[in-house]
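Residue strings, one per chain:
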Amino acid sequence: MPRPSPKGLRKRTFSTSPIMHDDGCAKLQRPNRDAVVDEPEKPRPAREEVVWGKTPDGQVFRVPTTHDVLTALFHPACAKSHLDILNLSLLGLQLILFCFLSRGVSKRFFLLYFVFWRTAYNAGLGWILTKQSKKRWIVKEVQRLGWLDETRRPAMRRWIRAQLAGKMGKDYSFDDLPLEYNTWLLFRQLVDVILLNDFLAYCMFAFASFRVPEGLSLPVHVLRWIGGISLIVFNVWVKTEAHNVVKDYGWYWGDCFFQRGALVFDGVFELAPHPMYSVGYAGYYGLSLIVGSYPVLFVSLTAHAAQFAFLIFFENPHIERMYGKRKPIAVRKPLLLDEVAKPREAKVREVSVSDIYHEDSVCESTPSVTEGETASESELETETETDDVPTPRIQPKRRRELPAVGIATAVSSRQLEGRQQVSQHDLYHKYFRRDVVILQNIDLLRSSDVMLVLLILYLCVASCLPILSHRTTLVLHFVHACAWCTFHSFGLGLLLRAQSQSKFIVRHFLKNYHYPPNDNGDGAVQEAFTNWKAIYNMSLCMTYISLGGLAWKTYSWPEMWSEGDALLRHTLGALFIGLHAWAARESYDVLGVFGWFYGDFFAEDFPAHLEYTGIFRYLDNPELMSGASFLGLALISGSKLVGFLAVMRFVSHWWFLKTVENPHMRKLYGESLRKEAGFVKVIKNVATKNALLLESRAGRHAPDIRRVAKEVKGTFDKVFEETADVVEEFLAKSKPKISEVVQETKVLLQQSRERLIITRVANDLSSCDIAKYKLLILPSQSGDKRFHLGEPIRVQWQAPQGHSRRDWVGIYRVAANKSTLVTRTSTFGKWLPVHDEEWDGDVPLSNIHRVSPKSLEPETGTLMFRGSTLPWNVGQYEVRYHHDGKYNVLSLDGPFEVYVEKHGSLDFDSVRERLAHIVPLCLDNDPSLIPLSCGGTGIAETSSDMGGAADGRDSDDFTFWSEEQAKRISTVIEEAFDVEYAPEVIMADANLTALAKRILVSKQLLVNS
């Protein structure tokens, strides 16, 4: 709710009162049914609505009204700054050149001109904004240059003030606003110059490339123009709607400079992911259709790809830095088995899945507000916002998603007693052990993996050996591809449906294989699921490889690319294949390995939970896009056989969804399944509005139109049902010493990598008095220069006043560098800058403003190496002080020893005690990660995430921020106990007691062997 004073950002309140938008226009905003209104709605003047911003240093200010670029630049009544005049001049120059240059010269000139502005946009702005996001580089440069400093550069400040004040409204005060906001306004004008010239240069290039394609009929030309104009209109609508959501604050990346609100998505952002960068470029392809030019099409594809690169390399990392939260892994959050899983005794009975879960665990309906991914692709809560109100957390529902890690059950420790507990972490490692996904995680010592590799190999070899006649070869390839496609969709579909209805696969293993008497069927479930995963992945690979073999055999290289439709077919085919690859990657990112292998058909002890995130936010069944690759290969090969397989793929997958997956989802999740996806909802809303508009204009013909529409819909429904019955009836009647060499190779590569650097040396060492540079390793906890593996290392440095602020200190193995004057080996991340603010990651900043010496006393400081900057192998090391971001050595100290205390007696207490010392060191002594028994706090697991079950956590449990920390523990255990574990094993245990028992068992096995 609104606060009486601007002590922070405030949360938006929704009302029907006018809201003053960034373009200066007052518009009515519809009430949101999810909003909480504490006061009766009263109309009030728009100017009473105040928007507050906050700078990174905590200064809160009132955000003035801004105007959109088109109004500010082209409206005669708006004042024009010098940059606006420059912008208009550049735009006008393009128009003049287009009129006077010949067509051939115009095409080449505007192509190069567009490349220049597109590079300035995606590469230039991306680089500048990345530095601003990381280090506030733009603001610091303005401060360093003194552009807004009245004492240092008064003329420049007056000029900038005149440029900004003339474009703003009466609520703008240059002197009262912080530096960050004024810098952002100045940056906006630079962005306007780049964006508008980029757009106009593309249009001029397209117009200069206009031609009328030959060999096309009049209807095709008409459809080409209609399609092009429709795409352009759609593009304009997407951009307009997106700007209405993100406003100027998001449009110009305002959150790189100051904060003005949380990220909220609605409207066009429910139509497609990243609409401003994805479907927001549909106009490129619409204009390509109109001008009928392949060069324009390929330039559009290249520019669009550059825009996605801007998204991947700047926007997504920026939003992760600004709004992302680290999530610990290997967290044990207790789940009460009697609330989330079927009782063991019930497994003997035929009980429906819906009886397993309590009604309270059913997910809520999909929220209307969803979480964003990028700064500029979001609705910003700019009207009223507060710091203590967190950003809405999106938890839409999605089938086959990994279940929630915490179940909301408010129980006391007394209620927890006597109940069997399990965590999702344990369940995950119960069902998954480095499973193969496509060709990822291949292990040639695993029989199923060897079978997969051999099957792929035989098909590839068979495709490359033209033994039979061409016609016979095509027939065999077609039958082969049809067989795999049929088996994958219908064969595995029937098997999975039987598993859903009667636990057919689990029953088969219970019937034919022996398990321990107290196993309660767990062994059968795990073995059934393990074999299912191998068969499914093999079938998936063979389906696409057999299709690729058929497409290869039917493909012929076009003789003339510029004639006919060969180039268009190849382009569209490649796009369809890329669409399928993207959809598959997005689906896997959302579903995870659990959903990818249909885990909810087998793992009943996983809690049922749905989340509609990622691509599933827009589509219910993105798996249907798997047919896009079939269609793409059909277009590229030009083969009717491949086209038939594409149709077959769509039909078979539609049958799979209708008869296998959807019934199981309804049985498992019931009414919690959503009825419409985001894409369908937006399209239906648009269609409904257009239908109402058509009826209003139809007059007395409106009843006839409604009757015809119902008849057509009924016809389609009837055809759909009859087709389903026919397919169902048809299927009902028709009824699978390497590790040592690798380790030695890794050692050799590690040793050789230390030499793979280009040494940069400075030429100005004559001005440096090396005697004044000193480096000293401070004693360890034991009082000497022996540091336990993982123990922080403190280094004290001394340098004369005025030394380079880009100096740095690195840790190296003793004898790795023969010279004491120049370092010629890599630190592999084991280094720290003397002044961190002078570095952007591992790159020193240029144009460093050197501070003039104020005294003759040397400058001193202390660096602490910890975490990833420490050496994680035992041995002798030294530290080196380097000059000005280069490899010249000014001082060194050492050696010091990194060691691991070897084990003493092999009993449980001593092993656990050693682990209680090792694990916290490997986890950087982070209290939110280390075990409670070692002084941890478990802050990483909030009470809300724990669902009230925090009291059930084992005091020996620990968690990780990354797999790298598990690798550290694995390394130290190998040094301390002479046993080797993969990081996955460490993460699976994630418990001092469990790990100690595992070590004892391993040592016992080694002794016995």
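Note that the coordinates shown come from a computational prediction; the quantities given were computed from them, not determined experimentally.

### A few points about the overall build of the protein
Link 1 in the chain: A count of helices and strands for the protein gives 27 helices and 18 strands.
Link 2 in the chain: The burial tally for the protein puts 46% of its 1009 residues in the buried class.

### Considering helix α4 (residues 137-145)
Link 1 in the chain: When we look at burial in α4, the residues that qualify are I138, V139, E141 and V142. Relative to the axis of α4, the buried residues are bounded by an arc of 160 degrees and lie together on one face.
Link 2 in the chain: Those residues of α4 hidden inside the fold are in contact with α3 (103-135) and α6 (179-208).
Link 3 in the chain: Directly after α4, the chain includes G146, whose backbone phi takes a positive value near 70 degrees.

### Remarks on the packing of helix α16 (residues 522-554) against helix α18 (residues 626-637)
Link 1 in the chain: Running from amino to carboxyl end, α16 crosses α18 at an angle of 10 degrees, the nearest separation of the two axes being 9 Å. Considering the angle they form, α16 stands roughly parallel to α18. Residues T543, Y544, L547, G548, A551 and T554 of α16 touch α18, and the partners they reach there are S626, S629, F630, L633 and S637.
Link 2 in the chain: Its residues assigned to classes, the contact of α16 with α18 comprises five nonpolar, six polar and no charged.

### Here we look at the nonpolar core
Link 1 in the chain: Judged by nonpolar contacts, the single largest core of 67 residues is most densely connected at Y181 and W253.
Link 2 in the chain: Among the elements that take part in this core, α6 stands out by supplying 16 residues, more than any other.
Link 3 in the chain: Judged by nonpolar contacts, the second largest core, of 51 residues, contains L863, W872, V972 and I986.

### Digging into the pattern of salt bridges
Oppositely charged side chains are able to pair whenever their charged atoms sit close together.
Link 1 in the chain: For the structure shown, the criterion picks out 20 salt bridges.
Link 2 in the chain: R585 is paired through a salt bridge with D589; the nearest N and O atoms lie 2.9 Å apart. One end of the pair is R585 and the other is D589, both in helix α17 (residues 566-596) and four residues apart, which spans about a single turn.
Link 3 in the chain: What makes R585 partly exposed here is its relative accessible area of 44%.
Link 4 in the chain: The class of D589 is partly exposed, set by a relative accessible area of 48%.
Link 5 in the chain: Taken together, the salt bridges that share partners define one network made up of R157, R161 and D175.

### Here's the deal with the confidence of the model for the protein
Link 1 in the chain: Averaged over all residues, the pLDDT of the protein equals 77, while 74% of them reach at least 70.
Link 2 in the chain: Counting interchain partners and residues more than four positions distant, the pLDDT-below-50 stretch residues 1-47 has 101 contacts.
Link 3 in the chain: Taken together, the stretch residues 941-950 has pLDDT below 50 and engages in 19 contacts with residues farther than four places along the chain or on a different chain.

### Regarding unusual backbone geometry
Outside of glycine, negative phi angles account for most residues, and trans bonds account for most peptide bonds.
Link 1 in the chain: For the peptide bond that leads from G894 to P895, omega is 5 degrees, which places it in the cis range.
Link 2 in the chain: Mapping P895 onto the fold places it in strand β18 (residues 889-899).
Link 3 in the chain: Backbone geometry at N925 places phi at a positive 55 degrees, although glycine is not the residue there.
Link 4 in the chain: If you trace the backbone, N925 turns up in the loop between α23 (908-922) and α24 (943-946).
Link 5 in the chain: Look at N925 and you get partly exposed, because its relative accessible area is 38%.
Link 6 in the chain: The backbone of D978 sits at a positive phi, close to 60 degrees, despite the residue not being glycine.

### A short note on the packing of aromatic side chains
Link 1 in the chain: Under the defined criterion, the tally for this structure stands at 42 aromatic pairs.
Link 2 in the chain: Ring geometry for F187 versus F257: centroids 5.5 Å apart, planes at 40 degrees, classification tilted. Linking F187 in helix α6 with F257 in the loop between α7 (218-251) and β5 (263-264), this pair joins segments that are 70 residues apart in sequence. Taken as a pair, F187 and F257 share a single burial class, namely buried.
Link 3 in the chain: Residues Y544 and F630 carry aromatic rings whose centres are separated by 5.7 Å and whose planes lie at 65 degrees to one another, so their mutual orientation is edge-to-face. Of the two residues, Y544 is situated in helix α16 and F630 in helix α18; the sequence distance between them amounts to 86 residues.
Link 4 in the chain: Note that K533 overlies the ring of F529, its terminal NZ or CZ placed 4.8 Å from the centroid.
Link 5 in the chain: Above the plane of the ring of Y899 lies R786, whose end atom (NZ or CZ) is 4.0 Å from the centre.

### Section: the sheet that holds strand β9 (residues 774-777)
Link 1 in the chain: Pairing is antiparallel in the open sheet, where three strands are placed in the order β9-β11-β16. The sheet is open, and its two edges are formed by β9 and β16 (859-865), each paired on a single side. Across this sheet, the average inter-strand angle for adjacent strands is 20 degrees, counted without regard to direction.
Link 2 in the chain: As paired elements, strand β11 (residues 793-799) and β16 share seven bridges and run antiparallel to each other. Within the sheet, the bridge partner assigned to V795 lies in β16 and is L863.

### Section: the state of the cysteines
Link 1 in the chain: Counted under the stated rule, the structure contains zero disulfides.
Link 2 in the chain: Of the cysteine sulfurs around C485, a residue in no disulfide, the closest is that of C482, at 7.1 Å.
Link 3 in the chain: A relative accessible area of 1% means that C485 is categorised as buried.

### Observations concerning the pairing of β18
Link 1 in the chain: Sheet topology places strand β10 (residues 786-788) next to β18; three bridges connect them, and they run parallel. Bridge pairing in β18 places R786 opposite E897.
Link 2 in the chain: Of the strand pairs in this sheet, strand β17 (residues 875-882) and β18 are connected by seven bridges, and their pairing is antiparallel. Its bridge partner lying in β18, V879 is registered against D893.
Link 3 in the chain: The hairpin turn running from β17 into β18, its antiparallel successor, is six residues long, and D884 in that turn takes a positive phi close to 55 degrees.

### Regarding the side chain of H570
Link 1 in the chain: Position of H570 relative to the elements: it lies in helix α17.
Link 2 in the chain: Excluding its chain neighbours within four sequence positions, the residues that come into contact with H570 are Y555, P558, W561 and I636.

### Details of the sheet that holds β18
Link 1 in the chain: The five strands lie next to each other as β10-β18-β17-β12-β13, forming an open sheet whose pairing is mixed. In this open sheet, the two edge strands, each paired with only one partner strand, are β10 and β13 (831-833). On average, each strand axis in the sheet is tilted by 30 degrees relative to the strand beside it, whichever way the strands run.

### Describing a nonpolar patch on the surface
Link 1 in the chain: Taken together, the side chains of I438, L439, I442, L444, V450, V453, L454, L457, V461 and L465 present a nonpolar region at the surface, about 820 Å² in accessible area.
Link 2 in the chain: The residue L444 is located in the loop between α12 (424-431) and α13 (447-464) in this model.

### What to know about the side chain of H882
Link 1 in the chain: Within the secondary structure layout, H882 lies in strand β17.
Link 2 in the chain: Here the side chain of H882 touches T823 through a polar contact of 2.8 Å, side chain to side chain.
Link 3 in the chain: Among the polar contacts made by the side chain of H882, one reaches the main-chain carbonyl oxygen of R880 at a distance of 3.3 Å.
Link 4 in the chain: Setting aside anything within four residues of it in sequence, one finds H882 in contact with D807, W808, G810, Y812, T823, Y887, N888 and V889.

### A short note on helix α19 (residues 640-669)
Link 1 in the chain: Compared with an ideal rise of 1.5 Å per residue, which puts 30 residues at 44 Å, α19 spans 41 Å between its outermost C-alpha atoms and is within 8% of the ideal.
Link 2 in the chain: The N-capping residue of α19, defined by a side-chain oxygen 3.2 Å from the backbone nitrogen of L641, is S639.
Link 3 in the chain: G670 sits one or two residues past α19 and shows a positive phi near 60 degrees.

### Remarks on the environment of C922
Link 1 in the chain: Within the fold, C922 resides in helix α23.
Link 2 in the chain: In the structure, C922 is positioned 131 residues away from E791 in sequence and 8.4 Å away in space, judged by C-alpha atoms.
Link 3 in the chain: Leave out the neighbours within four places in its chain, and C922 touches W872, Q965, R968, I969 and V972.

What counts, and where the lines are drawn
Residues numbered from 1 in each chain as written. Predicted model: local features only at pLDDT ≥ 70, side-chain atom pairs only at ≥ 80, totals over all residues. Heavy atoms only, no water. Helix = DSSP H or I, 4+ residues; strand = E, 2+ residues; numbered from the N terminus. Buried < 20%, exposed > 50% of the residue type's maximum accessible area, 1.4 Å probe, protein only. Arc of directions from axis to C-beta. Contact = heavy atoms within 4.5 Å. Axes fitted to C-alpha atoms, helices over the stretch in contact; angles between N-to-C directions. Parallel < 35°, antiparallel > 145°, perpendicular 65-115°, else oblique. Nonpolar A, V, L, I, M, F, W, Y, C, P; charged D, E, K, R; others polar. Core = buried A, V, L, I, M, F, W, Y, C linked by side-chain atoms within 4.5 Å. Salt bridge = Lys/Arg side-chain N within 4 Å of Asp/Glu carboxyl O. pLDDT = per-residue confidence, 0-100. Phe/Tyr/Trp six-rings, centres within 6.5 Å; stacked < 30°, edge-to-face > 60°. Lys NZ or Arg CZ within 6 Å of the ring centre and 35° of its normal. Pairing = 2+ DSSP bridges. Disulfide = S-S within 2.5 Å. Patch = residues over 30% accessible without salt bridge, like charges linked within 9 Å, V, L, I, M, F, W, Y side chains within 5 Å. Areas by Shrake-Rupley, 256 points an atom, 1.4 Å probe, with all protein chains shown as cover. Polar contact = N/O pair within 3.5 Å; in protein donor to acceptor, adjacent residues only side chain to side chain. Expected span 1.5 Å × (residues − 1).

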